[in-house]
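Residue-level listing of the chains:
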Amino acid sequence: MTTMMTMTIAMPLRERSAALARQVLQALLDEVTLTPKPGLVDLRSRGAHTDLNWALMCHSACALQPVFAAMAQAGWESNDDDDDDGLRQRIGAIGRDGEALMLAATDGVNTHRGAIWALGLLVTAAAQLSARGASLAPRAVAARAGALARLQDRSAPGETGNKGELACRQYQVGGARGQARAGFPLVTGVGLRQLRASRSRGDNETTARLNALLAIISQLDDTCVLSRGGETALLELQAGAAQVLAAGGAATAAGSQALLALEACALARGVSPGGAADLLAATLFLDRLTEGEAHGNA
């Protein structure tokens, strides 16, 4: 009887974890498919990359779906604040295994290292809150993810040598880790706000998502840009994104021209705002998680 009861309980957990992982996957696919994006892989081109393309990004995202399901299940099984440290160690290990899986699937190309970190924390937090019957409002999920991010991952290497880590040290910025520890303010306070404001004024979904990406680019100290082009490139991309929004967004004639200029700048500099792309995927995940097709307010 004990075995039967365990199976009865475990099956719904696996199903619910898989459902959350599918939402993460959809957010990643929506991000990479969004077109046109400045300097980023989309349906048209590789952007500023030589080792990435749309098909590889999609393949990587699909390969990572079980990783996000495992993180969600860890969240479901740990719904007590007193166990947060144990949960942090568990998802840290899952994340490292996920990075190895990603590199194996892509022949060594980094496609989603930042997404594993950001979306892994968010999907864990969403599952943990769901297990408690708590609110899945974006700020609640982001705050829970931030609390987990602030805990030390004791098995993580002191230094990885990753470009983002080196850029954080060189330019004294927080990077992806800083965003997570702060509770993803550029997701909940910038990306989601712009996404829903654009929808409210009648922009189509592609335009709303582009505007959300541009809002994030305009404010993020993106280590992907810093590592390739330094501070000058970062400031140019931030200013260019702000100009698109100031011109009325990607759907207006002036905004479209400003977006073309921003893309030309990114390609000329050889930079790609990959950190902003990860935060857009996080934005789309939280939006889908809480509102589905209703697109209500945060």
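The structure under discussion appears in the preceding block.
These notes cover the structure that comes with them.

About the thresholds
Residues numbered from 1 in each chain as written. Predicted model: local features only at pLDDT ≥ 70, side-chain atom pairs only at ≥ 80, totals over all residues. Heavy atoms only, no water. Helix = DSSP H or I, 4+ residues; strand = E, 2+ residues; numbered from the N terminus. Buried < 20%, exposed > 50% of the residue type's maximum accessible area, 1.4 Å probe, protein only. Contact = heavy atoms within 4.5 Å. Phe/Tyr/Trp six-rings, centres within 6.5 Å; stacked < 30°, edge-to-face > 60°. Lys NZ or Arg CZ within 6 Å of the ring centre and 35° of its normal. Core = buried A, V, L, I, M, F, W, Y, C linked by side-chain atoms within 4.5 Å. Axes fitted to C-alpha atoms, helices over the stretch in contact; angles between N-to-C directions. Left-handed = near helix turned anticlockwise from the far one by under 90°. Nonpolar A, V, L, I, M, F, W, Y, C, P; charged D, E, K, R; others polar. Expected span 1.5 Å × (residues − 1). Parallel < 35°, antiparallel > 145°, perpendicular 65-115°, else oblique.

Describing the side chain of Ser60
Then, in step 1: Within the secondary structure, Ser60 sits in helix α2 (residues 54-76).
Then, in step 2: Overall, Ser60 belongs to the buried group, its relative accessible area being 0%.
Then, in step 3: Among all residues touching Ser60, those that are not within four sequence positions of it are Met102, Thr106, Thr111 and His112.

Looking at unusual backbone geometry
Then, in step 1: Omega for the peptide link from Thr35 to Pro36 comes to 5 degrees, which places this bond in the cis form.
Then, in step 2: The residue Pro36 is located in the loop between α1 (2-33) and α2 in this model.
Then, in step 3: Within the chain, Phe184 stands out as a residue other than glycine whose phi angle is a positive 55 degrees.

Overview of the environment of Leu25
Then, in step 1: Position of Leu25 relative to the elements: it lies in helix α1.
Then, in step 2: Here Leu25 falls in the buried class, since its relative accessible area comes to 12%.
Then, in step 3: Put simply, Leu25 and Ser60 are 35 residues apart on the chain and 9.9 Å apart in space, counted from C-alpha to C-alpha.
Then, in step 4: The residues touching Leu25, leaving out its near neighbours within four places in the chain, are Ala61, Cys62 and Gln65.

Comments concerning the packing of aromatic side chains
Then, in step 1: Summed over all chains, the structure comprises 0 aromatic pairs.
Then, in step 2: Between the NZ or CZ atom of Arg16 and the centre of the ring of Trp76, over which it lies, the distance is 4.4 Å.
Then, in step 3: Above the plane of the ring of Trp117 lies Arg177, whose end atom (NZ or CZ) is 4.6 Å from the centre.

Details of the nonpolar core
Then, in step 1: The biggest cluster of nonpolar side chains holds 82 residues, and the ones touching the most others in it are Leu119, Leu121, Phe184 and Phe285.
Then, in step 2: Among the elements that make up this core, the one with the highest residue count is helix α4 (residues 113-132) (12 residues).
Then, in step 3: For Phe285, the contacting residues outside a window of four places in its chain are Leu20, Gln23, Val24, Ala27, Leu119, Leu122 and Val123.
Then, in step 4: Val32, Val41, Met57 and Cys58 belong to the second-largest nonpolar core, a separate cluster that totals 7 residues.

Section: the environment of Ala197
Then, in step 1: By the element assignment, Ala197 lies in helix α8 (residues 185-200).
Then, in step 2: On the accessibility criterion, Ala197 (39% relative accessible area) is partly exposed.

Quick notes on the packing of α2 against α4
Then, in step 1: α4 packs onto α2 with a crossing angle of 35 degrees between their chain directions and a minimal axis gap of 7 Å. For the element pair α2 and α4, the recorded crossing hand is right-handed. Each of Leu64, Phe68, Met71, Ala72, Gly75 and Trp76 in α2 lies in contact with α4, whose residues at this interface are Ala115, Ile116, Leu119, Gly120, Val123, Thr124, Ala127, Gln128, Ser130 and Ala131.
Then, in step 2: Looking at side-chain class alone, the contact of α2 with α4 contains 11 nonpolar, 5 polar and no charged residues.

Brief notes about α4
Then, in step 1: Its 20 residues place the ends of α4 29 Å apart at the C-alpha level, agreeing with the 28 Å of an ideal helix rising 1.5 Å per residue.
Then, in step 2: The buried fraction of α4 amounts to 15 of the 20 residues, a majority that puts the element mostly inside the structure.
Then, in step 3: At the exit of α4 stands Gly133, carrying a positive phi of roughly 70 degrees.

Let's talk about the packing of helix α10 (residues 223-246) against helix α11 (residues 253-269)
Then, in step 1: Two elements in contact, α10 and α11, have axes separated by 8 Å at closest approach and are oriented at 165 degrees. Looking at the two axes, α10 sits roughly antiparallel to α11. Two packed elements cross with a definite hand, and for α10 against α11 that hand is left-handed. For the pair α10 and α11, contact is made by Thr232, Ala233, Glu236, Leu237, Gly240, Ala241, Gln243 and Val244 and by Gly255, Ala258, Leu259, Leu262, Cys265, Ala266 and Arg269, respectively.

As far as function goes, none of this settles anything; it's purely spatial.
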